[in-house]
Amino acid sequence: MTETDLVQRWRTVLAQHAATSCALERALQEHALSVSEFEALERLVESPEKLRIQELSDALHLSQSATTRVVARLEADGLLCRTMCSDDRRGVHACISDEGRARYAAARDAHRRVLAEQLDAAPLPAGA
């Protein structure tokens, strides 16, 4: 693969990510959620137990401070709560609320529809 091909593949990935992210933001606005907020709720729904904020940060591919802002917005909307870790007083857990589960469930179909539309229509990069 040439350097030009490599750069073109990278730009294709970036363009697909940007188009998908923008479409998701528009669809999730109807549910008063951002993409990051939806992803945080989904990770909490999928987790068998509470997640530490650091684990959530890693899963969301966000900085610790960006994750803290997402969690604060979700907490202010009553969609999750924060609790201190019992085994490590420096750690904080995020726990989804019943309202958070309901909001996630209401937004899930729109999220999956957009993913299907965007990713099914997108060409796969060469060599994928």
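It should be emphasised that the depicted structure is a prediction, and the values quoted were computed from it without experimental measurement.

Peer 1: Got a sec to walk through the sheet that holds strand E3 (residues 92-96)? Specific residues and values, please.
Peer 2: Reading across from one edge, E1-E3-E2 is the order of the three strands in this open sheet, with antiparallel pairing throughout. The open sheet terminates on both sides in strands that have one partner only, identified here as strand E1 (51-52) and strand E2 (80-84).

Peer 1: Describe helix H3 (residues 53-60), and please don't skip the residues or the numbers.
Peer 2: Of the residues making up H3, those classed as buried are Ile53, Leu56, Ser57, Ala59 and Leu60. Projected onto a plane normal to the axis of H3, the buried residues spread over an arc of 165° and lie on a single side. Buried residues belonging to H3 abut helix H2 (35-46), E1, helix H4 (64-76) and E3. His61 lies just past H3 and shows a positive phi near 60°.

Peer 1: Tell me about the side chain of His111, residues and numbers included.
Peer 2: Relative to the assigned elements, His111 resides in helix H5 (residues 98-121). Discounting chain neighbours no more than four positions away, the residues touching His111 are Leu24, Leu28, Phe38 and Glu39.

Peer 1: Quick one: what's the story with a nonpolar patch on the surface, residue by residue and with numbers?
Peer 2: Residues Trp10, Val13 and Leu14 make up a contiguous nonpolar surface patch of about 300 Å² in total accessible area. Locating Val13 in the fold gives a position in helix H1 (residues 3-29).

Peer 1: Which residues make up the environment of Phe38, and what values do they have?
Peer 2: Within the secondary structure layout, Phe38 lies in helix H2. By relative accessible area, Phe38 is classed as buried at 0%. Distance in space between the C-alpha atoms of Phe38 and Gly100 is 9.6 Å, their sequence separation being 62 residues. Beyond its immediate chain neighbours, meaning those up to four positions away, Phe38 contacts Leu28, Leu33, Tyr104, Ala107, Arg108, His111 and Arg112.

Peer 1: Residues and numbers for the layout of surface pockets, please.
Peer 2: Here the largest pocket is characterised by a volume of approximately 330 Å³. Around the largest pocket, the lining is made up of 15 residues, and of these His17, Ser21, Leu24, Val35 and Glu39 lie nearest the centre. Counting residues per element, the ones that place at least two in the lining of the largest pocket are H1, H2 and H3. Taken together, the residues that form the lining of the largest pocket break down as seven nonpolar, six polar and two charged.

Peer 1: How would you explain the state of the cysteines if you had to name every residue and give the values?
Peer 2: Applying the stated criterion across every chain, the model contains zero disulfides. Take Cys95: it sits in no disulfide, and the sulfur closest to it among the cysteines is that of Cys81, at 4.3 Å. Given a relative accessible area of 26%, Cys95 falls into the partly exposed group.

Procedures and definitions
- Residues numbered from 1 in each chain as written.
- Predicted model: local features only at pLDDT ≥ 70, side-chain atom pairs only at ≥ 80, totals over all residues.
- Heavy atoms only, no water.
- Pairing = 2+ DSSP bridges.
- Helix = DSSP H or I, 4+ residues; strand = E, 2+ residues; numbered from the N terminus.
- Buried < 20%, exposed > 50% of the residue type's maximum accessible area, 1.4 Å probe, protein only.
- Arc of directions from axis to C-beta.
- Contact = heavy atoms within 4.5 Å.
- Patch = residues over 30% accessible without salt bridge, like charges linked within 9 Å, V, L, I, M, F, W, Y side chains within 5 Å.
- Areas by Shrake-Rupley, 256 points an atom, 1.4 Å probe, with all protein chains shown as cover.
- Salt bridge = Lys/Arg side-chain N within 4 Å of Asp/Glu carboxyl O.
- 1 Å grid on protein atoms, 1.4 Å probe; cavity = no way out; pocket = protein on both sides within 12 Å on 5 of 7 lines; lining within 4 Å.
- Points joined across faces, edges and corners; volume = space filled by probe spheres on them.
- Nonpolar A, V, L, I, M, F, W, Y, C, P; charged D, E, K, R; others polar.
- Disulfide = S-S within 2.5 Å.

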